[in-house]
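The chain contents come next:
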Protein chains: 2
Amino acid sequence: MPPSTDRPDPAGAPGGEDTPLALDDPAYREAVVELLGAIAYGEISAFERLAEDAKLAPRLEDKVAVAGKAAAEFTRVAPLHERITALGADPFAAMAPFREPIELFHEHTAPADWYEGLVKAFVGDGLADDFYREIAAFLDTDTRDLVLASVEETGHAAFVVDRVRAAIAADPRLGGRLALWGRRLMGEALTQAQRVAAERDALSSLLAGGADVPGLDLAAIGRMFTRLTERHTERMAELGLES
Amino acid sequence: MPPSTDRPDPAGAPGGEDTPLALDDPAYREAVVELLGAIAYGEISAFERLAEDAKLAPRLEDKVAVAGKAAAEFTRVAPLHERITALGADPFAAMAPFREPIELFHEHTAPADWYEGLVKAFVGDGLADDFYREIAAFLDTDTRDLVLASVEETGHAAFVVDRVRAAIAADPRLGGRLALWGRRLMGEALTQAQRVAAERDALSSLLAGGADVPGLDLAAIGRMFTRLTERHTERMAELGLES
């Protein structure tokens, strides 16, 4: 990502193709601020949870892998905060509404051991990233680039797949427990996402459509959820788990 | 820091001025591996402790500042590990001897609250960084550059000074408690450093001198400790604390 100073002022009148037009719409602008606030708080929270999970690591090598993932998540916060500020909003105010649903998600999915933590990082992050990629299709170019950079693979997936598969091979009963765990993660993620959708009108309108942005009809939203579920199933299969 | 692949192979014969000569000495090479292992484990441990301290943050802004410091410490681990590997050693084996003294330091200096955590990050890191800067004077150019990059200021100091000074202004009794705390940090750091010096011959010989490296006599070591103590006193004064 180039720093935000390299790009045209998103609030300015002339400049990129769709950016000024879309961001001139106060509802769209509010929605973008909410979206970036949600992603930023999610990264902070992911940092905290991964740092906590790292304590459960059986070996120093594993701890370093998870701590590295935590640090990588955190480095994504600053560009999101800069962009929120450039849009004339306060990053901490923008994150505030998402603190409770994201913390509730984590409270309800506190890993009982190292492997539940690994699966959560892989499956939970994957789900959130897929969702933000779906939303990215409805964004102006600059915001889309920023969102896509924020959900880029950190290279942690191969580590998780390797460790979880080896553990299940050594103890097949673990596979059954982790399969249930994956289902619970999906359920909790949907519960909190629905809550956010119900409470944050601006953000929801990104999907439902706004002034000059076409939205999704119910059938299209249904198809989106089908895609998210399919990707979730694929991820569980990568881990050797039924979903 | 350029990646280690851009620089001449430190183990190779021709190349930089002093590097191949110094690193041809197995005792010096072992000392460098130990030093880099100590710094790397210190960074991992700093990451863990700062991530823990971040939980005590009174506001989300404070939490983000401390989590950012944690992430910054962690990004310094990879170049140290790469260099240890380039020197033909295993990074995790190199870190292993320092795990216990560093963890003991942290166990004996677990912050009781947010402010003790802030002072510890500032005073403890500052002390360790000053010590590594002193050792850097005895290193070949490449290793020196790497060590100096690993102890570069992260910009966290201004945040700590601001928060601690404001808190002492609001509650002067806090100043007395934190002054005692600073003294304890210094004492524990010296205890563990002495233990490492007694147990790690190769590392100690960096200061005491080796085959083609001149060392310090006792008077010079005394002057080094005087400089470290003076810098500690300056840091405490920056926080508005007596040392």
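Now for a quick tour of the structure. Worth saying up front: this structure is predicted, and the values here are computed from it rather than measured. (Residues numbered from 1 in each chain as written. Chains lettered and ligands numbered in written order. Predicted model: local features only at pLDDT ≥ 70, side-chain atom pairs only at ≥ 80, totals over all residues. Heavy atoms only, no water.)

Secondary structure summary: chain A contains 11 helices and 0 strands in total. Listing the helices and strands of chain A from first to last along the sequence gives α-α-α-α-α-α-α-α-α-α-α. Split into buried and exposed, the 243 residues of chain A put 50% on the buried side. Within chain A, residue pairs in contact and separated by at least 24 positions form 78% of the contacts whose partners lie at least 6 positions apart. Roughly 10,900 Å² of accessible area belongs to chain A as shown, and the carbon and sulfur atoms make up 57% of that amount. (Helix = DSSP H or I, 4+ residues; strand = E, 2+ residues; numbered from the N terminus. Buried < 20%, exposed > 50% of the residue type's maximum accessible area, 1.4 Å probe, protein only. Contact = heavy atoms within 4.5 Å. Areas by Shrake-Rupley, 256 points an atom, 1.4 Å probe, with all protein chains shown as cover.)

Turning our eyes to something else, we now look at the interface of chain B and chain A. Every contact between the two is made by 19 residues of chain B and, on the other side, 19 residues of chain A. Here chain B meets chain A over a buried area of about 1,900 Å², counting both sides, of which 76% is carbon and sulfur. For the pair chain B and chain A, the number of links is 4 salt bridges. Viewed at the interface, chain A and chain B are joined by 4 residue pairs in polar contact (both at pLDDT 80 or more). Breaking the side of chain B that touches chain A down by element, the ones donating at least two residues are α2 (26-54), α3 (60-74) and α5 (91-108) of chain B. Per-element tally for the side of chain B that touches chain A: the top contributor is α3 of chain B, with 9 residues. Class assignment for the residues of the side of chain B that touches chain A results in 12 nonpolar, 1 polar and 6 charged. (Buried area = accessible area lost by both parts, 1.4 Å probe. Salt bridge = Lys/Arg side-chain N within 4 Å of Asp/Glu carboxyl O. Polar contact = N/O pair within 3.5 Å; in protein donor to acceptor, adjacent residues only side chain to side chain. Nonpolar A, V, L, I, M, F, W, Y, C, P; charged D, E, K, R; others polar.)

Next up on the list: the relation of the copies chain B and chain A. Its rotation angle being 180°, the transformation that places chain B on chain A also includes 0.0 Å of axial translation and leaves an RMSD of 0.0 Å. What the rotation and shift describe, once combined, is the action of a two-fold rotation axis. Across chain B, the smallest distance between a C-alpha and the rotation axis is recorded for Ala71 of chain B, namely 2.2 Å. A symmetric contact is evident, with 100% of the interface residues of chain B recurring at the interface of chain A. (Least-squares fit on C-alpha atoms with pLDDT ≥ 70 in both.)

This next bit is on the pattern of salt bridges. All names here are of chain B. Taken as a whole and assessed by the stated rule, the structure comprises 42 salt bridges over all chains. A salt bridge links Glu116 to Arg177, with the shortest nitrogen-to-oxygen separation between them at 2.9 Å. On the criterion of sequence distance, the pair formed by Glu116 in helix α6 (residues 114-136) and Arg177 in helix α9 (residues 172-199) is long-range, its members being 61 residues apart. Given the relative accessible area of 37%, Arg177 is considered partly exposed. Asp130 is the partner of Arg133 in a salt bridge, and the nearest nitrogen-oxygen pair spans 2.9 Å. Taken together, the residues span about one helical turn, with Arg133 and Asp130 both in helix α6 at a distance of 3 residues.

Residue and element names in this part refer to chain B. Within the fold, His232 resides in helix α11 (residues 218-238). Its relative accessible area of 5% is what places His232 among the buried residues. Discounting residues that sit within four places of it in the chain, His232 has contacts with Val123, Leu127, Gly182, Met186 and Ser243.

This part takes up the environment of Val147 of chain B. Residues and elements named next belong to chain B. Looking at where Val147 falls in the secondary structure, it is placed in helix α7 (residues 141-150). Since its relative accessible area comes to 0%, Val147 is described here as buried. Val147 sits 11 residues away from Ala136 along the chain, and the two C-alpha atoms are 6.7 Å apart. Discounting chain neighbours no more than four positions away, the residues touching Val147 are Leu35, Leu36, Ile39, Tyr132, Ala136 and Leu139.

Distances and angles like these do not, on their own, reveal function.
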